[in-house]
Amino acid sequence: MQILPSNVISYIKIKVGVINFLSKNKRIFLPLLIVILSILLYFLIDFSTQSLVAHDEGLYARRARLLENSDNWFSPPFISPHHKTLGSYWFIALSIRFFGSSELALRLPSIISSFLCLISLYLIALKITDKKSSLISLCSLSSMPLWIQYSRYASPDIPFVLCILLVILFFLKSLDSSQYIRQYFYILLSGLFLSTSFFIRSYMTFVPLIGLSPFILYNLLKKENFFKIFFVIGVLIGSIPTYINLYFSFQKFGIAGITSLFDFVRKQAIGDFGFSNLLLGPFNFLYLTFPIGILFVILFVFTRPNNKLKYPLLIYCYPLISLVILLSMSTSYPHYYLFLLPSLSILFAIFVTSNLLRYSFSKTSIKYLLSLLIILITSIILYFIFNYNDFIIKYSHENKTIIYFVSLFLLLSYIRSIQLLFNISDFRLGLINFFYNIVIPQYISLLFLFNFGILGNPNLSTKIFLRDKLVSSIISSNTIYLFKVDSKIQTLLSFYLPSSQVVQKFEDISNYKYLITSDINSLNNLNLKSLFKSIKKFDNQFLLININK
């Protein structure tokens, strides 16, 4: 009989002990492992594959850097009255100060805010529903294409959504708390974040504020005066940055420094009623929230909630009022709807986890509609793979392996989801399994596509051009002049080349050594072709050198 060495016996004992410990505590460690993997997937971004999206990202980046370079972060560093409060640029400017002028620095505030939004949503959903619905709400929001896109976008939109969620979360905490000190503390924080959101997103705050007003006023009126006073104190404290900003704007530009904010509101919200907005808005909303938006519509038509919910003014009235306001605006963009996505996630979770069938044919209709939807999406993916291979290679910046891997991953999940929908006898459980089997692969796939620059990276050629050895050696020690450059490219170059200058007069360009232009024909028409030689070209832009200098 062979006797094992003592070190081998110790190793076996440790191994058995670890396995037994993990198996006994798998309810703790398995969710923890999933959370850790989700966090890693959320934050592991290859920023060498990222480029700014013009115009918005380029404008926010350029203005934030102007603010970061200024001596007073409350005084607008612009040459004319600005239509936004400076809080729109504060987080990006702070990130630039700590991490430098890179895509990581510009997008980090949105990434961190997005992650905090998911935590806040989960805590809000726990106050309204239960753990199962809260988890579905969390997965729903994190998988939406519009949410993932703006979670990696240099703008104040996601920090603004975080402020609105914190308003709701702390208000709910103040209502549920049994200790007076905590009630007053939470309601003060709720008011503070309400007014802070105006500093971050200016006029857009009025849309969720109007939507939340029935819920807030109804619950405030039932409380004692001391409770109301603390809410008002919170609002006043959070308004201090806005007051200081408006004061310096008035000092610099006069009354125009204040009225410019409201002029912009008037142009965006008041004007000809747009029927295209009324018709295309919901369609875009369904497309950009896929599959949650479409699944919610199907469930709303064929089912109804089974339980009595707390805070119906928050669950139903708030998103409905806000949506009506957005649809009534003369100008509305997809990111205006971002603050509604958490509410949609909670509503969807409620319909999935606790539903009653409206009609006798509801169950069959839902199953076949969902199956047809999945078959349609699968057919579209296969059609593009087999018929637009060249386009995929170009669009993916030659990372077609990731495209094919993601496509295969999604197709397998779609096939499995239909099987789950029809195999499980418990209809509600089948819906929940169908949901998880669709959104988790989508979440992973979209994160891969965004993290590796296949999506959200439309100006990679500009970055490749600037990283070219010859070009980088020129721009590092020379001023580059921009003449008739495409407006979007000019926005990006104004950030990437902070020393660049825009040439306004044709007759002046012969005085400059290095020139970038989108309109080389103008030089030919002005008989200046002999003065300039093309060094490098990207897209339709030309880097020229004055050979007489």
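What counts as what
- Residues numbered from 1 in each chain as written.
- Predicted model: local features only at pLDDT ≥ 70, side-chain atom pairs only at ≥ 80, totals over all residues.
- Heavy atoms only, no water.
- Axes fitted to C-alpha atoms, helices over the stretch in contact; angles between N-to-C directions.
- Helix = DSSP H or I, 4+ residues; strand = E, 2+ residues; numbered from the N terminus.
- Parallel < 35°, antiparallel > 145°, perpendicular 65-115°, else oblique.
- Left-handed = near helix turned anticlockwise from the far one by under 90°.
- Contact = heavy atoms within 4.5 Å.
- Nonpolar A, V, L, I, M, F, W, Y, C, P; charged D, E, K, R; others polar.
- Buried < 20%, exposed > 50% of the residue type's maximum accessible area, 1.4 Å probe, protein only.
- Pairing = 2+ DSSP bridges.
- Phe/Tyr/Trp six-rings, centres within 6.5 Å; stacked < 30°, edge-to-face > 60°.
- Lys NZ or Arg CZ within 6 Å of the ring centre and 35° of its normal.
- pLDDT = per-residue confidence, 0-100.
- Expected span 1.5 Å × (residues − 1).
- Polar contact = N/O pair within 3.5 Å; in protein donor to acceptor, adjacent residues only side chain to side chain.

Caption draft 1: Structural detail: the packing of helix 6 (residues 131–143) against helix 16 (residues 341–353). Contact pair helix 6 / helix 16: the axes reach a minimum separation of 8 Å and the direction vectors enclose 135 degrees. Taken as axis vectors, helix 6 and helix 16 run oblique relative to one another. Here helix 6 runs over helix 16; the crossing is right-handed. Judged by residue contacts, Lys-132, Ser-133, Ile-136, Ser-137, Ser-140 and Leu-141 of helix 6 engage Leu-341, Pro-342, Ser-345, Ile-346, Phe-348, Ala-349, Val-352 and Thr-353 from helix 16. The residue makeup of the contact of helix 6 with helix 16, split by class, is eight nonpolar, five polar and one charged.

Caption draft 2: Structural view of the pairing of strand 7 (residues 541–546). Among the six residues in strand 7, five count as buried, and that is most of the element. With four bridges joining them, strand 5 (residues 514–517) and strand 7 adopt antiparallel strand pairing. Bridge pairing in strand 7 links Leu-515 to Leu-544. When strand 6 (residues 532–538) meets strand 7, the two strands line up antiparallel, connected through six bridges. Residue pairing in the sheet places Lys-536 in a bridge with Leu-543 of strand 7. Connecting strand 6 to the next strand, strand 7, in antiparallel fashion are two residues, including Asp-539 with a positive phi near 50 degrees.

Caption draft 3: How the structure looks around the packing of aromatic side chains. In total, this model carries 35 aromatic pairs according to the counting rule given. Each ring, one from Trp-90 and one from Phe-199, has its centre 5.1 Å from the other, and the planes form 90 degrees; the classification is edge-to-face. In this pair, Trp-90 is assigned in helix 4 (residues 87–99) and Phe-199 in helix 9 (residues 180–201), connecting sequence segments 109 residues apart. Residue Phe-199 is classed as buried on the basis of its relative accessible area of 4%. When the ring of Phe-215 is compared with that of Tyr-311, the centres are 6.0 Å apart and the planes differ by 85 degrees; the resulting orientation is edge-to-face. Separated by 96 residues along the polypeptide, Phe-215 in helix 10 (residues 206–221) and Tyr-311 in the loop between strand 1 (303–305) and helix 15 (312–328) bring together distant segments of the chain. Tyr-311 shares its class with Phe-215; the two are buried. Aromatic ring contacts, followed pair by pair, group Trp-73, Phe-74, Trp-90 and Phe-199 into a single cluster. Arg-152 extends its terminal NZ or CZ atom over the ring of Tyr-42, reaching a point 4.9 Å from the ring centre.

Caption draft 4: Focus on the confidence of the model for the protein. Mean pLDDT over the protein: 86, with 89% of residues reaching 70 or higher. Within the protein, the lowest mean pLDDT, 60, falls on helix 1 (residues 6–24), and the highest, 97, falls on helix 8 (residues 157–176).

Caption draft 5: Region of interest: the sheet that holds strand 3 (residues 481–483). In space, the five strands of this open sheet follow the order 4-3-5-7-6, with mixed pairing throughout. Here the strands that pair on one side only, and so sit at the sheet edges, are strand 4 (501–502) and strand 6. In the packing of helix 21 (residues 460–467) onto the sheet, contacts are made with strand 5, strand 6 and strand 7, and the angle to strand 6 comes to roughly 130 degrees. The sheet contacts of helix 23 (residues 487–496) involve strand 3, strand 4, strand 5, strand 6 and strand 7, and relative to strand 3 the element is tilted by about 170 degrees.

Caption draft 6: Structural context of helix 6. The first and last C-alpha atoms of helix 6 sit 18 Å apart over 13 residues, in line with the 18 Å expected at 1.5 Å per residue. Listing the buried residues of helix 6 in full gives Ser-133, Ser-134, Ile-136, Ser-137, Cys-139, Ser-140, Leu-141, Ser-142 and Ser-143. Measuring from the backbone nitrogen of Lys-132 back to the side-chain oxygen at the start of helix 6 gives 3.4 Å, which picks out Asp-130 as the cap.

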